[in-house]
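Each chain, letter by letter, is given below.
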Amino acid sequence: MVDLIKRAKELLESSAVKVVIGYEQGTGNKTRALFVEKTEDADKLIFDSRCIQNLAAYVTKKEVKEKGKMAIAATLPVMRSIIQLASEFQVNDNNLLVLGITPESNLIEFANLVEVETFVHQYQIEIDARNKEMLDKLAKMTSAERWKFWVDELAPCFKCYACRAACPMCYCSRCTVDFNQPQWIPVPSTELGNLEWHIMRAMHLTGRCIDCDACYNACPLSIPINLLTKRMLVDAKEHFGNYQPSLKGDNLMSTYKPDDKENFIQ
Amino acid sequence: MNIDKRLVRKDSLEKLFDILKRNSKTIYAPFTKNGKSTFRDTESFGAISTGYIQTTESAKDIAFPRTEKLLDFSKSKEGMSVKGTDLNDIPDVILWGVRPCDASGIGELSSIFNWDYKDEIYINRLSKVTVFGFSCSKSDEYCFCTSVGGNPGNTAGSDILFTLLGEEGDYLAEIITEKGLAVVDLAQNLFEKTDISGKEKFLAELPVKFSHEDIRLKLDKFFESKEWIEQSLRCLGCGACAYVCPTCACFDIQDEAHGKKGSRVRCWDSCGFSHFTVHTSGYNPRNVQSARWRQRIMHKFSYMPERLSVYGCTGCGRCSRACPVDMNILEHLISIQEVTV
Ligand code: SF4
Ligand code: SF4
Ligand code: SF4
Ligand code: SF4
């Protein structure tokens, strides 16, 4: 991507940013994250349809943040993640510049996160057809069938937490599963331990997950855990209205409204 | 024991499976779900995956399960009572379809579990396992067994090693151990006498890509290198690489209690996790990912050879295939070899 390379060089040369986060050609047919700190390395930047890792996972990472102001090559899911992270006070205009990549693969630069938010809000989060079909199939199952589906699907999970590590929204320095005094979630990868882990994760991501599929793509065992967060997305929409990450930070699950339709909360 | 060579007809494998089942053997074989393969208790020959270069997960689960109960405890007025694992409960298992880089990993794992402390549960589990290795006729860009002392037809770790003699051919069976011989005794007529000797031309060709000896020597002076930081910046610090690795042996011990009763359980752990080395005081000696990535490589290519006289990597390439961010160990080892200190 010529524009991106050019812009990255300018930003580094003028010291506007210290590091540009983008993609490079990896081994085999893989692409991977690249952290450009020297202008000459900017030539390695690429962008194509294989570049699907959610790079927003790096902007909360200590080792990357420490470098100073970051610029990030951001596709739509990455931009959504950044708005969500900004609403949670993880990034701001002082430490992050967004080099947007439009769905048509054009470079678009934003002066600030408000502009990113405006851009992002033009697009709805849409669950793709294949996953929609799966969700419908699951919804039509009896609860016993659905239980069996999830027990079977989650059985291989060995709790490597690659899903958590790849998710931009899973930035807690100490995750619930890492506590053992007291312990919240059973640590072993057993039926119960795996179910509790994934239910907990889906709950914590409700209203925050922007449906990028990074968790699923990262799973070395290709467990369709993204179906859980997608289901929560659908349910959240149904109960609380259309969901978009926003700088106002009115997160679905942590916002109280006096006119809440559930009266138990009043 | 001298390695005895026999011929097993292509269609005899299924018969062998059935005979073993009739002899009440538990068979763990590669099973594929969502396109990823792992070793599972298998009831039918047809369910076994074939054609894989390497299974997604290693077979180490069989002797070092992801979750192992060490003891049960219960508290009462009289005090605490503790009951250890009954080692007699461990079943006899045939591990079917193991690639040589996985089978040889058993030796490396064993050297860890037999180091100063002899791990009884591991040792007992392994003593009940008979390994059916299957040589590799194909490899991919992640494989590098030949760079770490192995090869696609390596017999180390297998009790019987099967080598496919050409696409549609029969198998050469090398009977390597007494355990292997005991299986042959159950199905004598399927293991025919043969004068075939060379299997090399049927094996995958895999050029040596680096020297593990050179890496070991290099690492002696590499601890402070900037290379660790550069290599690991994109590493997410998950456990995928360690959990699919045949030789990674780290674990964590947890108490799972419900009321006054519970169990003490050993669970896999990974040096890639940020909390892996956190002290009770809160101090973390490996507080950045580069220190954790360095540990992974140093442990396998420096500390293990030094203390256990084995390398902690069999070149199976699983970690590279499983890594969500393309941390390719082969690529990184080659750069360690090439970079000037
Ligand atoms: S990445 Fe997959 S195997 Fe690892 S914890 Fe997540 S669901 Fe489990
Ligand atoms: S789709 Fe997965 S990785 Fe992406 S935000 Fe949601 S939970 Fe996180
Ligand atoms: S370190 Fe990687 S290549 Fe080496 S044995 Fe482990 S999984 Fe295989
Ligand atoms: S190298 Fe890859 S698999 Fe290993 S901890 Fe880092 S991101 Fe996870």
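Residues numbered from 1 in each chain as written. Chains lettered and ligands numbered in written order. Predicted model: local features only at pLDDT ≥ 70, side-chain atom pairs only at ≥ 80, totals over all residues. Heavy atoms only, no water.

Observations regarding the site of ligand 2
Residue and element names in this part refer to chain A. By nearness alone, every residue bordering ligand 2 is listed as Cys 167, Arg 201, Leu 205, Cys 209, Ile 210, Asp 211, Cys 212, Asp 213, Ala 214, Cys 215 and Thr 229. Of all elements in the fold, only helix H8 (191–205) and helix H9 (214–218) reach the threshold of two or more residues within the shell around ligand 2. Across the shell around ligand 2, the residue classes break down as seven nonpolar, one polar and three charged. (Near = heavy atom within 4 Å. Helix = DSSP H or I, 4+ residues; strand = E, 2+ residues; numbered from the N terminus. Nonpolar A, V, L, I, M, F, W, Y, C, P; charged D, E, K, R; others polar.)

Comments concerning the nonpolar core
Grouped together as the largest cluster of nonpolar side chains are 143 residues, with contacts concentrated most on Ile 72, Ile 82 and Val 98 of chain A together with Phe 301 of chain B. Of the residues that make up this core, three or more belong to each of domain 1 (2–120) and domain 2 (129–240) of chain A. For Ile 82 of chain A, the residues in contact, after removing those within four places along its chain, are Ala 56, Ile 72, Ala 74, Val 91, Leu 96, Val 98 and Leu 113 of chain A. With 24 residues, the next largest nonpolar core counts Val 8, Leu 13, Ile 94 and Val 183 of chain B among its residues. (Core = buried A, V, L, I, M, F, W, Y, C linked by side-chain atoms within 4.5 Å. Buried < 20%, exposed > 50% of the residue type's maximum accessible area, 1.4 Å probe, protein only. Domains from an automatic or database assignment. Contact = heavy atoms within 4.5 Å.)

Concerning the sheet that holds strand E9 (residues 171–175) of chain B
Pairing between the strands of a sheet comes from backbone hydrogen bonds, and it takes one of two forms, parallel or antiparallel. Residue and element names in this part refer to chain B. Pairing in this open sheet of eight strands is mixed, and the strands run E3-E2-E6-E7-E8-E9-E1-E10 from one edge to the other. At either end of the open sheet lies a strand with only one pairing partner, and these are strand E3 (36–41) and strand E10 (192–193). Where strand E8 (residues 160–164) meets E9, five bridges bridge the pair, whose relative direction is antiparallel. What sits directly across from Leu 161, in E9, is Glu 174. Docked against the sheet, helix H4 (residues 178–186) engages strand E1 (4–8), strand E6 (93–98), strand E7 (129–134), E8 and E9, running at close to 85° with respect to E7. (Pairing = 2+ DSSP bridges. Axes fitted to C-alpha atoms, helices over the stretch in contact; angles between N-to-C directions.)

Let's talk about the interface of chain A and chain B
Residue-level contacts link 43 residues of chain A with 40 residues of chain B. Across the interface of chain A and chain B, roughly 3,300 Å² is buried in total on both sides, 55% from carbon and sulfur atoms. Per-residue buried area on chain A facing chain B is highest for Lys 30, Arg 32 and Phe 158 of chain A; these three make up 18% of the total on that side. Summed over the shared surface of chain A and chain B, the result is four salt bridges. For the salt bridge of Glu 153 of chain A with Lys 33 of chain B, the shortest nitrogen-to-oxygen distance reads 3.3 Å. Remark: the boundary between chain A and chain B carries 21 residue pairs in polar contact (both at pLDDT 80 or more). Among the secondary structure elements, those contributing two or more residues to the side of chain A that touches chain B are strand E2 (31–36), helix H2 (62–65), helix H6 (143–154) and helix H7 (162–166) of chain A. Of the residues belonging to the side of chain A that touches chain B, the class tally is 21 nonpolar, ten polar and twelve charged. (Buried area = accessible area lost by both parts, 1.4 Å probe. Salt bridge = Lys/Arg side-chain N within 4 Å of Asp/Glu carboxyl O. Polar contact = N/O pair within 3.5 Å; in protein donor to acceptor, adjacent residues only side chain to side chain.)

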